[in-house]
Amino acid sequence: MFSAILLSGLLAATPAQAKKTPPSCHALTEHQLKDDITLSEPCYAVSGFVTIGGHITVEPGVHIVVGSGSTLSFENDGTLTAIGTADKPIVIEGKDHTPGFWRGLHFQTNSSKNQLSYVTVEDVGEAGADSGAVMVGVAARLAMDHTTVRNAEGFGLNVDQRGILAKFEANHFENTGTPLRVKAADLAMIDPATTFANNKKNYVLVYFNECVVSDDATWRALAVPYHFACSPEIKSHLTIEPGAKLEFESNVGIDVTQDGSLSAEGTPDKPIVFTGADETPGFWTGLYFESNSAKNVVSHATIQYAGQDSSISGGVCIGVNAGAKVSDSEIGNNAVAGIRVLQNGRLNADAETSNRFHDNKVNIQREN
C-alpha cells in the first residue's frame, strides 16, 4: 500500500512532457530574392508568384513553406543551389499538404548553379503540358539527385524544349499525376536507382518536342515503362538494356535513320518489350530500320500490337537497302506482318525459325 502511494506521488510530481513547437518561419519577400542570399534558418515562408533574380543557396535541414497557388520562378540571373544531406534533407512544401497546393519550382536559367540534391518537393504542381512540380524551361538547366517529388498534381518533373538535365540520379517520384515528362534525348539520363510509387500514370512520358537521339545513348531498364507519345528518330547508336519496357501511343514507333543503329539485346530472363499502349493489333507502327548497320540487332525481345497496314510498317520493318538481325524473339499480334522486308533489305537467314511468331497475318513479308 505504501509503495503504491509513493509511486502515485512521484508520478503526480513529474511535470508533463512539453510538446515540441515547430520553429517559426521567417517571411521571405520577392525583394529579398532579387539578390544573392543564403537560407540557413530552420524555416522560411514565401507566397505569391515570386520571380527570383539572385542566387539562392539553401543549407541542409532548411524547410521552406509555400503559400497557396505560389510559383518560385528562377529567371534572368536567378539560380537555386539546394544541397541537403541524407540526414538533413531540404524540404520545400505547401502550407497545406494537398496535391497542387502551390505551383512549383520553375527553372528558366541555363546555369550550373541550379542544383537539387537531397531535397523533398511536395504538395505542388498543376495539370497541363506547360507545368510541373519541377519545371526545366526552354534551354534551362538543372542537376537533380536524391530528390523526392511527392503529393503532386500533374507532372513531377517536366523538361521543356532544349532543357538540359545536367545530372539525374537516384530520385523518387510518389503520388504524382505523371512522374516524368522528358524528351527522347533525356532518356539516357534516367537511371535505375530512380524509384516510382503510387503515381496515377506510372511511366516515363516521352513527348513530341525534339523527339531525336543525336548522340550515342543507352536506355536503361527502369521499374516503369517508357511511354512514347512521339516517334524517336535514332541518328546515332542506341542501346536498350535487357528488361526495359517501351510502350507506344497510336501511330508512333521507333525510326532508326540511315545514320543510326539500334542494339536491343535482352536475355531469356529479361526480355525487352516493345508494345502498344493499347493492346490492339496495329496500334503502333513498329521498329523501322533505314540503316544497314551491323549493329542493328534485336534479340530476346517481345514485339507486339504493331505493324499498321502501310508500305513501311511491320512489327519490325527493314527498309530499302537496310539490314537488321532479329532472333530469339516473340513477335505476335501485329496487324499484318511480324517482320516486313522492303527492296534489297537484309534479314538474317534463320529469322523464320529462330523467332516465335503468333497471331500475325503474315510472319515474314518480303517485297524484294
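Parameters at a glance
- Residues numbered from 1 in each chain as written.
- Predicted model: local features only at pLDDT ≥ 70, side-chain atom pairs only at ≥ 80, totals over all residues.
- Heavy atoms only, no water.
- Helix = DSSP H or I, 4+ residues; strand = E, 2+ residues; numbered from the N terminus.
- Rg over C-alpha atoms; globule rule 2.2 N^0.38 Å.
- Buried < 20%, exposed > 50% of the residue type's maximum accessible area, 1.4 Å probe, protein only.
- Contact = heavy atoms within 4.5 Å.
- Areas by Shrake-Rupley, 256 points an atom, 1.4 Å probe, with all protein chains shown as cover.
- Lys, Arg positive; Asp, Glu negative; His and termini not counted.
- Charge placed at Lys NZ, Arg CZ, Asp CG, Glu CD.
- Pairing = 2+ DSSP bridges.
- Core = buried A, V, L, I, M, F, W, Y, C linked by side-chain atoms within 4.5 Å.
- Phe/Tyr/Trp six-rings, centres within 6.5 Å; stacked < 30°, edge-to-face > 60°.

Chemist: In this structure, what is going on with the overall build of the protein chain? I would like to understand it.
Modeler: When helices and strands are counted, the protein chain shows two helices and 39 strands. Computed over its C-alpha atoms, the radius of gyration of the protein chain comes to 26 Å, more than 25% above the 21 Å expected for a compact globule of 368 residues. With respect to the principal axes defined by its C-alpha atoms, the protein chain has extents near 95 × 65 × 30 Å. Relative to its full complement of 368 residues, the protein chain shows a buried share of 53%. Contacts in the protein chain between residues far apart in sequence, at least 24 positions, make up 60% of those at least 6 positions apart. Just so you have it, the protein chain exposes about 16,200 Å², and 49% of that area is on carbon and sulfur atoms. Charged side chains in the protein chain number 26 positive and 42 negative. The centres of these two groups are separated by 2 Å.

Chemist: I would appreciate a short explanation of the sheet that holds strand 22 (residues 217-219) in the present structure.
Modeler: Consider a sheet: its strands pair through backbone hydrogen bonds, and that pairing is either parallel or antiparallel. Within the open sheet, the six strands sit side by side as 22-25-28-31-34-37. Their pairing is parallel. Two strands lie at the open edges of the sheet, namely strand 22 and strand 37 (346-347), each paired on one side alone. Sheet topology note: the strand 31 (residues 297-299)/strand 34 (residues 323-327) ladder contains three bridges and is parallel. Across the sheet, residue Val297 finds its bridge partner in strand 34, namely Lys325.

Chemist: What is the right way to look at unusual backbone geometry in this model?
Modeler: Trans is the prevailing form of peptide bonds, just as negative phi is the prevailing case for residues other than glycine. We note that Tyr118 has phi near 55°; this positive angle belongs to a residue other than glycine. Within the fold, Tyr118 resides in the loop between strand 11 (115-117) and strand 12 (119-126). Of note, the phi angle at His146 is positive, near 50°, even though the residue is not glycine. By the secondary structure assignment, His146 is in the loop between strand 14 (141-145) and strand 15 (148-159).

Chemist: Before we go on, may I ask you to explain the nonpolar core in this structure?
Modeler: Within soluble globular proteins, side chains that are nonpolar generally end up buried alongside one another. In this structure, Leu116, Leu157, Trp219, Ile240, Leu246 and Phe274 are the most contacted members of the largest nonpolar core, which totals 88 residues. Per-element accounting of this core gives the leading share, four residues, to strand 15. Ignoring sequence-local partners within four residues, the contact set of Phe274 consists of Ile240, Leu246, Phe248, Ile254, Ala264, Trp284, Leu287, Ala301, Thr302, Ile303 and Gln304.

Chemist: Just to check I follow, could you spell out the packing of aromatic side chains for this structure?
Modeler: A ring pair, where both rings are aromatic, is described by two values, the distance of the centres and the angle of the planes. One pass over the structure, following the stated rule, counts eight aromatic pairs. Between Phe173 and Phe196, the ring centres sit 6.1 Å apart and the planes meet at 20°, which makes this aromatic pair stacked. With a gap of 23 residues between them, Phe173 in strand 17 (residues 172-174) and Phe196 in strand 19 (residues 195-197) connect regions that are remote in the sequence. Neither Phe173 nor Phe196 differs from the other in exposure class; each is buried.

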